[in-house]
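Working through the structure, step by step
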Amino acid sequence: MAILPIIETPDPRLRVISKPVGTFDAELKTLVADMFETMYDAPGIGLAAIQVGVAKRILVIDLQEPDPDDEEGKKVIREPRVFINPVFSDESEEHSVYQEGCLSVPEQYADVTRPAEVTVDWQDEDGKHHQERMTGLMATCIQHEHDHLEGILFIDHLSRLKREMVLKKLAKLRKAA
Ligand code: GNR
Ligand code: NI
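Described below are features of the structure shown in this document. Just so you know, these numbers come straight off a predicted model, no measurement behind them.

Quick notes on the rules
- Residues numbered from 1 in each chain as written.
- Chains lettered and ligands numbered in written order.
- Predicted model: local features only at pLDDT ≥ 70, side-chain atom pairs only at ≥ 80, totals over all residues.
- Heavy atoms only, no water.
- Near = heavy atom within 4 Å.
- Polar contact = N/O pair within 3.5 Å; in protein donor to acceptor, adjacent residues only side chain to side chain.
- 1 Å grid on protein atoms, 1.4 Å probe; cavity = no way out; pocket = protein on both sides within 12 Å on 5 of 7 lines; lining within 4 Å.
- Sits in = over half its atoms within 2 Å of the grid points.
- Helix = DSSP H or I, 4+ residues; strand = E, 2+ residues; numbered from the N terminus.
- Expected span 1.5 Å × (residues − 1).
- Buried < 20%, exposed > 50% of the residue type's maximum accessible area, 1.4 Å probe, protein only.
- Contact = heavy atoms within 4.5 Å.
- Points joined across faces, edges and corners; volume = space filled by probe spheres on them.
- Nonpolar A, V, L, I, M, F, W, Y, C, P; charged D, E, K, R; others polar.
- Phe/Tyr/Trp six-rings, centres within 6.5 Å; stacked < 30°, edge-to-face > 60°.
- Lys NZ or Arg CZ within 6 Å of the ring centre and 35° of its normal.
- Salt bridge = Lys/Arg side-chain N within 4 Å of Asp/Glu carboxyl O.

Taken together, the neighbourhood of ligand 1 is formed by 13 residues, with Ile45, Gln51, Leu103, Glu145 and His148 sitting nearest. Glu145 places a side-chain nitrogen or oxygen 2.6 Å from an oxygen atom of ligand 1. Given that more than half its atoms are within 2 Å of the pocket grid, ligand 1 belongs to the largest pocket. Sorting the residues of the shell around ligand 1 by element identifies strand E4 (95-102) and helix H2 (136-149) as the ones contributing at least two each. Top contributing element to the shell around ligand 1 by residue count: E4, with five residues.

Quick look at the structure:
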């Protein structure tokens, strides 16, 4: 297992459209395991393969956020989910607003409006097909992750003014570091 470096904006690799996975082999399982380790270490609630420089349609999600007050060794119950080649359908008319962040746009947060519910078809690490209606935070998170597969970042959903404010704050943060 390995913690992989996370790519940050404006790295052009974040704008690449990821390719479908066609081979469900041991190499894929290693990549998925490394993606989980990287996401838990960050920490984040989701990660797309392109964020670690791999242009494949692979997402990992665990909505169970680690409790920063938790003592070392005391672990939250993890709920790892992997989505390979996810396809969306039947997005709800109803929308929800959530304050989003992104490991590739570090320490910046802004409200994003997305369909409240979406049906997702995907494959698991063995290539087996699944379908589920996603709601709540899972619906928001999987749409954020799916955007990464299309080279889209959450800041692209903001007004130009808000986007420029976020990028300016990020530049300031980096200068201070
Ligand atoms: O850790 C993350 N938190 C988050 C919060 C609200 C909506 C989406 C997310 S995903 C993000 C991790 C990330 O950048 N995934 O691509
Ligand atoms: Ni992200």
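Here the focus is helix H1 (residues 26-41). Compared with an ideal rise of 1.5 Å per residue, which puts 16 residues at 22 Å, H1 spans 23 Å between its outermost C-alpha atoms and is within 8% of the ideal. Of all the residues in H1, the buried ones are Leu28, Leu31, Val32, Asp34, Met35, Phe36, Thr38, Met39 and Tyr40. For H1, the secondary structure elements touched by its buried residues are strand E1 (46-48), strand E2 (58-61) and strand E3 (81-89).

What the largest pocket holds in volume is close to 630 Å³. Lining of the largest pocket is provided by 25 residues; of these, Gly44, Ile45, Gly101, Cys102 and Tyr109 occupy positions nearest its centre. With six residues, H2 is the largest single contributor of residues to the lining of the largest pocket. The residue makeup of the lining of the largest pocket, split by class, is twelve nonpolar, eight polar and five charged.

To continue, consider the packing of aromatic side chains. For the structure shown, the criterion picks out two aromatic pairs. Centroid distance Phe36 to Tyr40: 6.0 Å. Interplanar angle 20°. Geometry classified as stacked. Taken as a pair, Phe36 and Tyr40 lie in helix H1 at a separation of four residues, close to a single helical turn. Accessibility expressed as a relative area gives 13% for Phe36, which makes it buried. Here the aromatic rings of Phe83 and Trp122 are separated by 4.8 Å at their centres, their planes lie at 65°, and the arrangement is edge-to-face. Of the two residues, Phe83 sits in strand E3 while Trp122 sits in strand E6 (residues 118-123), which places them 39 residues apart along the sequence. Of the two residues examined, Phe83 and Trp122, each falls in the buried class. Against the face of Tyr40 rests Arg78, its NZ or CZ located 3.8 Å from the ring centre.

In this structure the tally under the stated criterion is eleven salt bridges. Put simply, Glu8 and Arg174 hold a salt bridge, and the shortest N to O gap is 3.1 Å. Of the two residues, Glu8 sits in the segment before H1 while Arg174 sits in helix H3 (residues 160-176), which places them 166 residues apart along the sequence. On the basis of relative accessible area, Arg174 is assigned to the partly exposed category, the value being 34%. Of the charged contacts in the structure, one is a salt bridge between Asp147 and Arg114, with a shortest N-O distance of 3.0 Å. Here Asp147 is found in helix H2, whereas its partner Arg114 is found in strand E5 (residues 105-115), with 33 residues between them in sequence. The pair Asp147 / Arg114 is uniform in exposure class, with both members buried. Each member of the salt-bridge network shares a partner with another, and the members are Asp90, Glu117 and Arg133.

These values are about where atoms sit, not about what they do.
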